[in-house]
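Okay, here's what each chain looks like letter by letter:
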Amino acid sequence: MRYGETGYNLEIDLATGNIERVETDPKLLETYLGGLGTSVKLHWDRVPPETKPFDDGNMLIFSSGVLNATPAFSANRSVVTFISPQSHLLAYPMMGGFWSAELKYAGYDKVIFHNKSPKWVYIWINNDKVEIRDASHLVGRGALETQDLIRQELNQPNAQVAAIGVAGENRCFTASIEQGRSSASRLGGGAVMGDKKIKAVAVRGTKDVNLANGEAFMKEMMDMMAYINFRNENPIPDVMTILSGIGSPQEMVHTDEKWHTENFMWGNARTRRRGFWDEKIDEEFPRTQKEGIKRLISCFNCPQHCGALVSYKDTPRYMAKCFGKLTYLMASYVDSMDFAWRALQRATEYGVDSFSTPQILAFAVELYEAGILTDKDFAAGPTWPACPEDKEGRFLWLLDRVAHREGIGDVLADGVYYAARSIGNGAEAFDHNTIKRHEQLPLKLGTMDPLYYLMYATNEKISITQIEGNWPQGAFPTMEQREAFVKDWPQLPDDSWKQWLLDWEPRGEKGIPYYPTIDMSCHIVDWMEMLHNIDDACCVCAGMSSFCLKPPYHIHNYPKIISAATGLDLDEASLKKIVNRSRNLHRALNNRLGLRRGDEKPPEDHWKRRYPEIEEKLLSTYYTFKGWNQEGIPTKERLHELDLDYVAEDLEKRGILKDGQD
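In this text, all values refer to a predicted model and were calculated from it rather than measured experimentally.

Asker: Help me out: how do you make sense of the overall build of the protein chain in this one?
Answerer: If you tally the helices and strands in the protein chain, you get 25 helices and 20 strands. A buried classification covers 63% of the 662 residues belonging to the protein chain. Of the contacts made within the protein chain by residues no fewer than 6 positions apart, 68% connect residues no fewer than 24 positions apart. Distance between charge centroids for the protein chain: 2 Å, based on 77 positive and 93 negative side chains.

Written out as structure tokens, the structure reads:
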């Protein structure tokens, strides 16, 4: 009997229609755990590095994790892996909701798609019965509309459906995969799904998932529930509101957005609007938010309420969470939550990433104002009207064009990086907020932060909202605040680290960019990254582990929880080795796809005050700390330590890693 996993993957060849239920090697669990770890291994083994994002051979994998469908709180993420059309590296956006649990209850750990379908299809997984069904009648339908239509067609109201909208059908590089209460929305998974002509994947399962030691597992969950209750009753003081609790940032709960609107950048990540949150906004924004939210909702087996069911005035109902409620209004300079709710609904139905897409639209507006794009680019076309002149109408018009790849939207749909180079005529200068060709959160800061420099530069996820973690975002102003924070901090890997925070000052020699020191920064970033990799193998929401301050899941209880679920005999050291193995395999895979040191740099204007010598030393020291050479490639010695000799052999054979290279 398999514990914590079903032991089976579902493999579907879209070109031939062949469907196989494939038993997996039990040793993969102890070697890579599951979720992202085993998906990376599949991509390494089966996808040649010459494969392009829209080639037949670009595998698309939907994966559950080792704790999904168990009583583990907030273990509800589905990780979707593919070669990204934006970065041309292996991407792994994640979605919450109920889909991953339903997949495991159907008897599968992963769904693996090969090749492309000759016509539009959707997949129906109902326990042992799996069908490739015609989806021609769903083409042109919205992502949310498609989910409802499929449930009606199947007469399965409880089926979980992951679907693409028009943007995915048209292979927009920021197309998302929408799924009820969440979406896999970064780096173009919807575009790859559309390229394969998969409109949706629907799943319903009623089987059991087994635990190796149910009694020990439930004891860990009871202890965690007590901690969750404590944290809900005792938010962390002296930090911004969204960091004071646990779960994904409670953007649907909190209405005071003074910090976000005055510290994040508006438009094409250009302008900080100090003093924006005045008395009028303080009344209007919270009122409109409360009017739009019908009820707060959770993902599978989660005690928090991070999402909301939204329907504002005559806007159709949809699910919203986190920062999406502000991205469109801030990018468009429309000071109205009314517009935010309407724009987000349209974007969700189209199926586009609401972090990248608003920046792309703002980028187009900025080019128009600079005279690089002209009235001709905003004129009427064969099937669409001319662009309105008002801010709201202009932004929605651009969104329509991008989703349908019409007119200038066909260029913009490739994202800021590629659009800037296609448009030319100076447009490249307006691409100032991408890393590895991917749009970042519109956050430009004062002084280079060593922790965030390493996170932005080196992580494979390429998205700061899913990289940052358990270390506070800034130094506490007073010693009393620092002492209070470190007094109760069992999540730290080592209590000696408390002194690092006690010594951290807002400015001066013990402030950024000199502190945390380079050595400290390497340890802290490696620790936070490690937690993200554990989460991504278990498919636990980062909001309950790697993302938030003082979370319920941490390095000291994770080994016990995973051992009780799977029967593996894990301690902290062995768990660290597993996720380090997966992390280095992922790094080597991206090295094989072309990733090198020159790619690992934040935008030039990300911080007003830069320190090139410190940055270079940070990167060099971190590479050495990780066991990588100075091009960011794992060394032969490091790969041997992690039982990845086959990876070293492959990299040497390709001339990527040379014998003796340090």
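Picking up where we left off.
Asker: How should I be thinking about the state of the cysteines in this particular structure?
Answerer: In protein chemistry, a disulfide is the covalent bond that joins the sulfur atoms of two cysteines. Applying the stated rule across the entire model yields zero disulfides. Just so you know, Cys299 is unpaired, no disulfide at all, and the nearest cysteine sulfur is the one on Cys302, 6.6 Å from it. Look at Cys299 and you get buried, because its relative accessible area is 12%. Not part of a disulfide, Cys302 finds its nearest cysteine sulfur in Cys306, a span of 5.5 Å.

Asker: Sorry, what's going on with the pairing of strand 1 (residues 8-13) here?
Answerer: Consecutive side chains along a regular strand alternate between the two faces of the sheet. In terms of burial, strand 1 is largely enclosed, as five of its six residues are buried. The turn linking strand 1 back onto strand 2 (residues 18-23) is made up of four residues, and Gly17 within it adopts a positive phi angle of 80°. Bridge count between strand 1 and strand 7 (residues 110-114): five bridges; the pairing is parallel. From the neighbouring strand, Asn9 faces strand 7, where its bridge partner is Lys110.

Asker: In this structure, what is going on with the sheet that holds strand 15 (residues 307-310)? I would like to understand it.
Answerer: The strands that make up a sheet pair up through hydrogen bonds in the backbone, lying either parallel or antiparallel. Pairing within the open sheet is antiparallel, and its three strands lie in the order 14-15-16. The open sheet has two edge strands, strand 14 (293-297) and strand 16 (318-321), and neither has a second partner. Neighbouring strand axes in the sheet, compared pairwise and without regard to direction, differ in orientation by 30° on average. When strand 14 meets strand 15, the two strands line up antiparallel, connected through four bridges. Across the sheet, residue Ile297 finds its bridge partner in strand 15, namely Gly307. Here helix 10 (residues 279-292) sits on the sheet and contacts strand 14 and strand 15; the angle it forms with strand 14, its principal contact strand, is near 75°.

Asker: Honestly, the pattern of salt bridges in this entry has me stumped. Any pointers?
Answerer: Where side chains of opposite charge bring their charged atoms close, a pairing between them can arise. Per the stated rule, a full pass over the model turns up 52 salt bridges. The salt bridge partner of Lys116 is Asp56, with a shortest N-O separation of 3.9 Å. Taken together, the residues span a long stretch of sequence, with Lys116 in the loop between strand 7 and strand 8 (121-126) and Asp56 in the loop between helix 2 (36-46) and strand 3 (60-63) at a distance of 60 residues. Given the relative accessible area of 43%, Asp56 is considered partly exposed. Each of the salt bridges in this network shares a partner with another, and the network as a whole consists of Lys436, Glu460, Asp526, Glu529, Arg583, Arg587, Glu600 and Lys626.

Asker: How do you make sense of the environment of Ser78 when you look at a structure like this?
Answerer: Along the polypeptide, Ser78 turns up in strand 4 (residues 78-83). On a C-alpha basis, the gap between Ser78 and Asp495 in space is 33 Å, while along the polypeptide they are 417 residues apart. Those residues in contact with Ser78 that sit more than four places away from it in its chain are Ser63, Pro93, Met94, Met95, Trp99 and Ser100. Among the polar contacts made by the side chain of Ser78, one reaches the main-chain amide nitrogen of Ser100 at a distance of 3.3 Å.

Asker: When you look at the packing of aromatic side chains in this model, what are you seeing that I'm missing?
Answerer: To describe a pair of aromatic rings, one takes the distance between the centres and the angle between the planes. For the coordinates displayed, the defined rule picks out 31 aromatic pairs. Their ring planes at 70° and their centres at 5.1 Å tell us that Phe264 and Phe323 sit as a pair that is edge-to-face. Here the residue Phe264 occupies a position in the loop between helix 9 (258-263) and helix 10, and Phe323 occupies one in the loop between strand 16 and helix 11 (324-332), the gap between them amounting to 59 residues. Their ring planes at 70° and their centres at 6.1 Å tell us that Tyr514 and Tyr611 sit as a pair that is edge-to-face. Of this pair, Tyr514 sits in the loop between helix 19 (498-503) and helix 20 (518-538) while Tyr611 sits in the loop between strand 20 (607-609) and helix 23 (612-626), placing them 97 residues apart in sequence.

Asker: How should I be thinking about unusual backbone geometry in this particular structure?
Answerer: With the exception of glycine, most residues fall at negative phi, and the peptide bonds are largely trans. The step from Ile512 to Pro513 runs through a cis peptide bond, and the omega angle for that step is 10°. Relative to the elements of secondary structure, Pro513 occurs in the loop between helix 19 and helix 20. Geometrically, the link from Tyr515 to Pro516 is a cis peptide bond, its omega value of -5° lying close to zero. With respect to the element layout, Pro516 can be found in the loop between helix 19 and helix 20. Positive phi, close to 60°, is recorded for Asn115, a residue that is not glycine. Even without a glycine there, the phi angle at Asn155 is positive, about 55°. Structurally, Asn155 can be placed in the loop between helix 4 (143-154) and strand 10 (160-163).

Asker: Is there a simple way to explain the environment of Ala537 in this structure?
Answerer: Within the secondary structure, Ala537 is located in helix 20. Beyond its immediate sequence surroundings of up to four residues, Ala537 is in contact with Tyr32, Leu33, Gly34, Gly35, Leu36, Gly65 and Val66.

Conventions used here
- Residues numbered from 1 in each chain as written.
- Predicted model: local features only at pLDDT ≥ 70, side-chain atom pairs only at ≥ 80, totals over all residues.
- Heavy atoms only, no water.
- Helix = DSSP H or I, 4+ residues; strand = E, 2+ residues; numbered from the N terminus.
- Buried < 20%, exposed > 50% of the residue type's maximum accessible area, 1.4 Å probe, protein only.
- Contact = heavy atoms within 4.5 Å.
- Lys, Arg positive; Asp, Glu negative; His and termini not counted.
- Charge placed at Lys NZ, Arg CZ, Asp CG, Glu CD.
- Disulfide = S-S within 2.5 Å.
- Pairing = 2+ DSSP bridges.
- Axes fitted to C-alpha atoms, helices over the stretch in contact; angles between N-to-C directions.
- Salt bridge = Lys/Arg side-chain N within 4 Å of Asp/Glu carboxyl O.
- Polar contact = N/O pair within 3.5 Å; in protein donor to acceptor, adjacent residues only side chain to side chain.
- Phe/Tyr/Trp six-rings, centres within 6.5 Å; stacked < 30°, edge-to-face > 60°.

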